[in-house]
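These are the residues of each chain, in order.
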Amino acid sequence: MSKIDIQRLFAEDGGRAYIIYLYPDSEQSFDNPNRKFTLRPEKTPSASLKRMESGEWGVTDFGDDSKWRNAIALAMKEFKLEYGDAIRTVAEFYNYKDESINLSPKPLFEDRPARPDEAEGQCDVEFKEFEAWECRIILTDSAWMALDKFDELKRFEAAKSLFQRYHLKCLHSYTTVKNGKALKRISTTNYPMFYFDEGDWGKIYLPKAEHKNRFRYRGKKPAHYIHGLKQAQDFIRELRQKKLNEEGSAEEFQSSEEEKKKQTEQMTNVKLPELIRCSGGSDALNVAALGYRVLWQNSESEQLDDHDMKLLRSLAWNIYNLPDIDASGRKNGHELGMKFLDLKTIWLPDEFLKVDENGKAVSKDLRDWLRSGKKKFDFDRLVATAIPYRFWDEERQFDSEGNPKYKFGRPLFTYKFNHVQAYNFLHRNGFARYKSEREKEGYFYIKIDDNIVTRIEANDVKNFIHSFLNERALIDDTITQDLRNAMYTSNQLSVSNLANLPLIELDFKSYGPDFQYFFFPEHTWKVTKTGIEEAKGLVGGKYVWADKVIQHPTKGNEKINIKKLKPFFEAQQVDDSWHIKLLDKSCMFFRFIIQTARVHWRKELEERPQLYLKYDTAKKQEEYALEHGLTQAERELFFARRTPEQVKAYLDANKFEIGGALLTAEERKEQVQHLANRIYTLGYMLHRYKDPARAWCVWAMDNKLSELAGDDAKSNGGSGKSLTGKALKWFWRNNVGLSGRNPLLTKNPHVYDKVSKQTDLIIIDDCYEYLDFGFFYGDITGDMNPNPKQTQSYSIPFDESPKFWFDSNFGDRDFSESTQRRKLVTSFSDYYHENNGSYLETRSPSDDFGGRRLFYDFTAADWSYFFNFMAQCLHFYLAVDSKIKPPMRNLAKRNLLSAMGGRFFEWAEVYFAHDSNRLNTMVCKKDAKEEYMNSEKIRELSTQKFTEYLKKYAEYHGYVYNPTEYQNSQGRIMRDHNGKKEEMIFYRTVGSTWEPTAEVTPEFDF
């Protein structure tokens, strides 16, 4: 077995916490090592601390053998342990974790055949006397010290007396009979056992067992039981009897009816100051050690009923409830407070709650709170400030002679709005103010239900009060008509007074660098690079805006029930290529996304199924094969003769296929790259985390080159860009849409008027050709500064600001590095298109799905498929280290076309045509410019702009513009032309070997 690393074990604090656990009086000595402290009852403290160079703390007991002992040696001494067991004890205390070592404490086991008198399921217990260390397992340091200020021995005796009062015993062992065997579990110093003995039944408490196995019942547990109730009743009975004895004998006292009545009233007024209901036995014993009378039930979720409360009110003047503050504890505490409005609830401070990365509460109850350093004084203050949910005070009305007043036969009361209790009532029911820089007042009202937050108006708060009283009046006689009238006429619920609701800030952050939570009505998903984890309800202790709980339209009585499904695809990168295996195409949206990546769909679906009809000779086939770089196998497949039935069979089989057989290997690779880029892009947009190293916007554009040379480019669209962007809105309901067609968009000082810290997504749709993208630089990579109308501007930090989605039917004119590094480009095939004369048909997504529209015609199953696919896109994105770009060849050409403009491109295609004799030769730039301006009727055009067009045209076709060997020192080519020195244009085509002839005049620098 692996060894425990001692150095790592003591790395946290050198054993300090464990020493304080053993000897509470030592705590002050760590700050003052010269201070002596006590290890046992003694007049003069005789122990001291010393820290070695290794960082280990140790104790020297000068009242014993004067040896220095570290935490492990102290465990050996105090618990009489062997060295190995002592190390394990200390390691367990520090929650030392090592995958190769199982440090989980366990009891000793013995088994034997069951005796004839031992029935199946029988459980027998064997008790032992408490030792001090076992008391310390139950009681925190604060509770232990509260038992006696100075004397350790008195604390021990007080603890035993306290445990005896509440029927807690220390177990040596317990034996259960199962399958004819008697299995005996024996306590150890690492595995103490306790037993709440309630006579013919009891509860075994195993504090070191796993949480789910800590309690076991012996005997028949009552359906409803209150621990500590009988003790309180007995104590009150003794007090009342004592008072009777002080007043005289019962026979003398009860001489008349009037005296009997007086006696009854006096006895009724003999009560405890308070009774505190705790969430469990351990908390209850700690509260009892702090000096209070306590109660608890078998389960935290078990509630008191009306009979219980009537009985408790007869025993104590004040009834308190002390719930845990995790989700279930808050829920149970709130329900009890709403059921009994006079019950006072002791709430531990909200900021004390701690949860781990999986949302499990690790610090939630009274013992945890006391362990954080809180003392009896701190708890006394919590008790003193606890208040009930009842939000009014009432006083009986009397006439001038002191007689009770009545109206229509009912007693009259004066009702007054109790501000402190009323705002506590509202706050505990989820009402608060939320800080917002967008609002003129600096806040708005919210209501929190099970951590789901909804924005509300002031009137909603008032209506809640009135609705509560109206509904309560149906079951509670104390909610009178007079009370309801008093609340209706009260001005204490005005808007100005509601500003007394607490102003709070909540943690809505449901994401991090490597994870993202998605919240559904019934489940929560946590998406990471390793997969998707599903849990019931809301997890993580997070607050969620109501509009971020992912919903979808339902039909009739249909319920939203999104559950995690198996993956729809597998993706793997091999060298520089992505391979995607389509596992399940049930998701309509996934099928749609596949089609948008099929940039070679016309070749596969229209041209090649019957390619032999067009290329019907060997020569034509050879030319086609050379042009497309076909292998021999591809030649045979592509030019094969197919019947109409075979064509249909292929089209049906490959309706939603990214890599069909009638594509070349290079074409399949290109389409898969497009699909990988699309999945990656969707994943990026679904990750709310803003990484400075990935401060991108998405730029969605068309992949197709045709029809982009002329003015008809403006009519292109329908490829699915906008629909893909809108799909994100089903996750990010708090989004802002802006019209990219508006040429004044970037001139509007209030362009972000609707953007707030809650905004997740900004979609700028249908961007026009000359959109000033530079306007958005700072908003994409830095803080945003919205300037709302009629209020002050404010700043949204980069990590809280929304992500941007742009889509455009035009190419990207801006080639600057500062622009390109801000863009995550994703390009769409023209599989879906409008028929502008160059297609055989118009095709929209509904054509692929039997007339059904994406989202609008989804079934419950379709929604589940959709949300699963999107979450899988995010999982893919989180697992990939570098940006996945689309194939850039067509995109680069498209952007070059957009940058040089359709008019220039069309002119240049004629002017520099292959048969124009203007390629691989010198052409006068001045003549070419004049020809262009005259041909296109252009009045003004700078030489600089014309040169930019020429360079982009060369890049588009892969020409070399003005080879360097012909340039002068200024980077120009100057030659004699018609008797004058003129600047020349030279386009060298691929494979050209042109050299200047003897007639060409050598260039000169000017």
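Residues numbered from 1 in each chain as written. Predicted model: local features only at pLDDT ≥ 70, side-chain atom pairs only at ≥ 80, totals over all residues. Heavy atoms only, no water.

Draft legend 1. Examining the overall build of the chain more closely. Along the chain, the regular secondary structure elements total 35 helices and 42 strands. Its C-alpha atoms give the chain a radius of gyration of 41 Å, more than 25% over the compact-globule value 30 Å for 1006 residues. Across its three principal directions, the C-alpha atoms of the chain cover 140 × 80 × 70 Å. A burial count over the chain gives 48% of its 1006 residues as buried. Considering only contacts within the chain whose residues lie at least 6 apart along the sequence, 68% involve residues at least 24 apart. Summing over all exposed atoms, the chain offers an accessible surface of approximately 50900 Å²; the carbon and sulfur share of this is 48%. (Helix = DSSP H or I, 4+ residues; strand = E, 2+ residues; numbered from the N terminus. Rg over C-alpha atoms; globule rule 2.2 N^0.38 Å. Buried < 20%, exposed > 50% of the residue type's maximum accessible area, 1.4 Å probe, protein only. Contact = heavy atoms within 4.5 Å. Areas by Shrake-Rupley, 256 points an atom, 1.4 Å probe, with all protein chains shown as cover.)

Draft legend 2. Spatial organisation of the side chain of Ser-719. Mapping Ser-719 onto the fold places it in the loop between strand 34 (697-702) and helix 27 (721-727). Residue class for Ser-719 comes out buried when judged on its relative accessible area of 4%. Of the polar contacts made by the side chain of Ser-719, one reaches the side chain of Asp-702; its length is 2.6 Å. Here Lys-721 takes part through its side chain, which lies 3.2 Å from a polar atom of the side chain of Ser-719. Among all residues touching Ser-719, those that are not within four sequence positions of it are Thr-596, Asp-702, Phe-828, Ser-829 and Tyr-832. (Polar contact = N/O pair within 3.5 Å; in protein donor to acceptor, adjacent residues only side chain to side chain.)

Draft legend 3. Fine view of the side chain of Thr-60. For Thr-60, the position within the fold is in strand 2 (residues 57-61). Judged by its relative accessible area of 10%, Thr-60 falls in the buried class. Sequence-distant contacts of Thr-60, that is, excluding residues within four places in its chain, are made with Ser-46, Ala-47, Ser-48, Ser-66, Lys-67 and Trp-68.

Draft legend 4. Representation of the pattern of salt bridges within the structure. Evaluated as defined, the whole model comprises 47 salt bridges. Between Asp-862 and Arg-852 there is a salt bridge, with its nearest N and O atoms 2.3 Å apart. Of this pair, Asp-862 sits in helix 31 (residues 860-879) while Arg-852 sits in the loop between helix 30 (845-848) and helix 31; the two residues are 10 residues apart in sequence, bridging distant segments of the chain. Judged by relative accessible area, Asp-862 falls into the buried class, the value being 8%. With relative accessibility at 29%, the residue Arg-852 sits in the partly exposed group. The partner of Arg-988 in a salt bridge is Glu-965, with the nearest N and O atoms 2.6 Å apart. Linking Arg-988 in strand 42 (residues 980-988) with Glu-965 in the loop between strand 40 (960-961) and strand 41 (974-977), this pair joins segments that are 23 residues apart in sequence. A residue is classified by how much of its surface remains accessible, and Glu-965, at 46% relative accessible area, is partly exposed. By sharing partners, the salt bridges in this structure join Arg-112, Arg-115, Asp-117 and Glu-118 into a single network. (Salt bridge = Lys/Arg side-chain N within 4 Å of Asp/Glu carboxyl O.)

Draft legend 5. Broad picture of empty space enclosed by the protein. Tallying each qualifying case throughout the model produces 2 cavities of 30 Å³ or more. Of the volumes computed, that of the largest cavity is approximately 40 Å³. Arg-277, Ser-279, Glu-300, Asn-321, Pro-323, Gly-329, Asn-332 and Gly-333 together form the lining of the largest cavity. A per-element tally of the lining of the largest cavity places helix 13 (residues 327-339) first, with 3 residues. Looking at the lining of the largest cavity residue by residue, the classes come out as 1 nonpolar, 5 polar and 2 charged. When its volume is computed, the second largest cavity comes out at roughly 30 Å³. The wall of the second largest cavity is formed by Tyr-23, Leu-39, Val-59, Thr-60, Asp-61, Arg-69, Leu-74 and Lys-77. By residue class, the composition of the lining of the second largest cavity is 4 nonpolar, 1 polar and 3 charged. (1 Å grid on protein atoms, 1.4 Å probe; cavity = no way out; pocket = protein on both sides within 12 Å on 5 of 7 lines; lining within 4 Å. Points joined across faces, edges and corners; volume = space filled by probe spheres on them. Nonpolar A, V, L, I, M, F, W, Y, C, P; charged D, E, K, R; others polar.)

Draft legend 6. Molecular detail of helix 4 (residues 83-93). For helix 4, the full list of buried residues reads Ala-86, Ile-87, Thr-89, Val-90 and Ala-91. Of the surrounding elements, those touching the buried residues of helix 4 are helix 1 (6-9), helix 2 (16-22) and helix 3 (71-79). Note on helix 4: the residue one or two positions beyond its end, Asn-95, has a positive phi of about 55°.

Draft legend 7. View of the packing of aromatic side chains. With the rule as written, the count across this model stands at 100 aromatic pairs. Taking the centre distance of 6.2 Å and the plane angle of 55° together, the rings of Phe-391 and Phe-468 count as tilted. Taken together, the residues span a long stretch of sequence, with Phe-391 in the loop between strand 18 (387-388) and strand 19 (392-396) and Phe-468 in helix 17 (residues 458-472) at a distance of 77 residues. Its relative accessible area of 0% is what places Phe-391 among the buried residues. The class of Phe-468 is buried, set by a relative accessible area of 10%. (Phe/Tyr/Trp six-rings, centres within 6.5 Å; stacked < 30°, edge-to-face > 60°.)

Draft legend 8. How the structure looks around the layout of surface pockets. In this model, the second largest pocket occupies a volume close to 1100 Å³. Around the second largest pocket sit 41 residues that line it, and Leu-22, Pro-24, Leu-39, Arg-136 and Glu-152 are the ones nearest its centre. For the lining of the second largest pocket, the secondary structure elements donating two or more residues are helix 2, helix 3, helix 5 (132-138), helix 6 (141-147) and helix 7 (152-165). Per-class residue counts for the lining of the second largest pocket are 17 nonpolar, 6 polar and 18 charged.

Draft legend 9. Here's a closer look at the confidence of the model for the chain. For the chain, the average pLDDT comes to 88, and 93% of its residues sit at 70 or higher. pLDDT under 50 marks residues 706-715. Its contacts with residues more than four places away, or in other chains, come to 23 contacts. Here residues 997-1006 is a poorly scored stretch, pLDDT under 50, and it has 20 contacts once near neighbours within four places are set aside; other chains count. (pLDDT = per-residue confidence, 0-100.)

Draft legend 10. Main features of the sheet that holds strand 13 (residues 294-297). Taken together, the 6 strands give an open sheet; going across it, the order is 11-13-12-14-15-18, and neighbouring strands pair in mixed fashion. Each end of this open sheet is capped by a strand with a single partner; those strands are strand 11 (226-227) and strand 18. Running over the sheet, helix 11 (residues 281-289) touches strand 12 (272-278), strand 13 and strand 14 (316-322) and is turned about 180° from strand 13. (Pairing = 2+ DSSP bridges. Axes fitted to C-alpha atoms, helices over the stretch in contact; angles between N-to-C directions.)

Draft legend 11. Representation of helix 12 (residues 306-315) in the model. Turning to helix 12, its buried residues number three or more, namely Asp-308, Met-309, Leu-312 and Leu-315. The buried residues of helix 12 occupy an angular sector of 120° when the element is viewed end-on, so they sit on one face. Looking at helix 12, the residues exposed on the side facing more than 90 degrees away from the buried face are Asp-306, His-307 and Lys-310. With a side-chain oxygen positioned 3.1 Å from the backbone nitrogen of His-307, the residue opening helix 12 is Asp-305. (Arc of directions from axis to C-beta.)

Draft legend 12. Structural context of the sheet that holds strand 34. Ordered in space as 35-36-37-34-38, the 5 strands form an open sheet in which the pairing is parallel. Of all the strands in the sheet, just strand 35 (735-739) and strand 38 (823-828) have a single pairing partner and so form its edges. Taken pair by pair, the neighbouring strands of this sheet meet at an average axis angle of 20°, ignoring direction. Two strands pair when backbone bridges link them, and strand 36 (residues 761-767) and strand 37 (residues 803-808) are joined in this way by 5 bridges, in the parallel orientation. Its bridge partner lying in strand 37, Ile-762 is registered against Phe-804. In the packing of helix 26 (residues 665-686) onto the sheet, the strands contacted are strand 34, strand 36, strand 37 and strand 38, and the crossing angle to strand 38 comes to about 130°.

Draft legend 13. Structural context of the packing of helix 33 (residues 902-911) against helix 35 (residues 943-957). Their axes nearest at 11 Å, the elements helix 33 and helix 35 cross at an angle of 65°. Between helix 33 and helix 35, the angle is such that the two are roughly perpendicular. You can see that helix 33 and helix 35 cross each other, and the crossing is right-handed. Residues Phe-904, Phe-905, Trp-907, Ala-908 and Glu-909 of helix 33 pack against Phe-946, Tyr-949, Leu-950, Tyr-953, Tyr-956 and His-957 of helix 35. (Parallel < 35°, antiparallel > 145°, perpendicular 65-115°, else oblique. Left-handed = near helix turned anticlockwise from the far one by under 90°.)

Draft legend 14. Here's a closer look at the environment of Asp-393. Relative to the assigned elements, Asp-393 resides in strand 19. Taking the C-alpha atoms as reference points, Asp-393 and Phe-413, 20 residues apart in sequence, are found 9.6 Å from one another. Not counting chain neighbours up to four residues away, the residues in contact with Asp-393 comprise Thr-414, Tyr-415, Lys-416 and Asn-418. Polar side-chain contacts of Asp-393 include one of 3.1 Å to the side chain of Asn-418.

Draft legend 15. Structural detail: the environment of Asn-734. Note on placement: Asn-734 falls in the loop between helix 27 and strand 35. Excluding its chain neighbours within four sequence positions, the residues that come into contact with Asn-734 are Asp-547, Lys-548, Gln-758, Thr-759, Asp-760 and Leu-761. In this structure the side chain of Asn-734 is engaged in a polar contact, spanning 3.3 Å, whose partner is the backbone oxygen of Gln-758.

Draft legend 16. Region of interest: the state of the cysteines. One pass over the structure, following the stated rule, counts 0 disulfides. A disulfide-free cysteine, Cys-123 has its sulfur positioned 16 Å from the sulfur of Cys-170, the nearest such atom. Here Cys-697 is not cross-linked by a disulfide; its sulfur's nearest cysteine counterpart is in Cys-767, at 9.0 Å. Residue class for Cys-697 comes out buried when judged on its relative accessible area of 0%. (Disulfide = S-S within 2.5 Å.)

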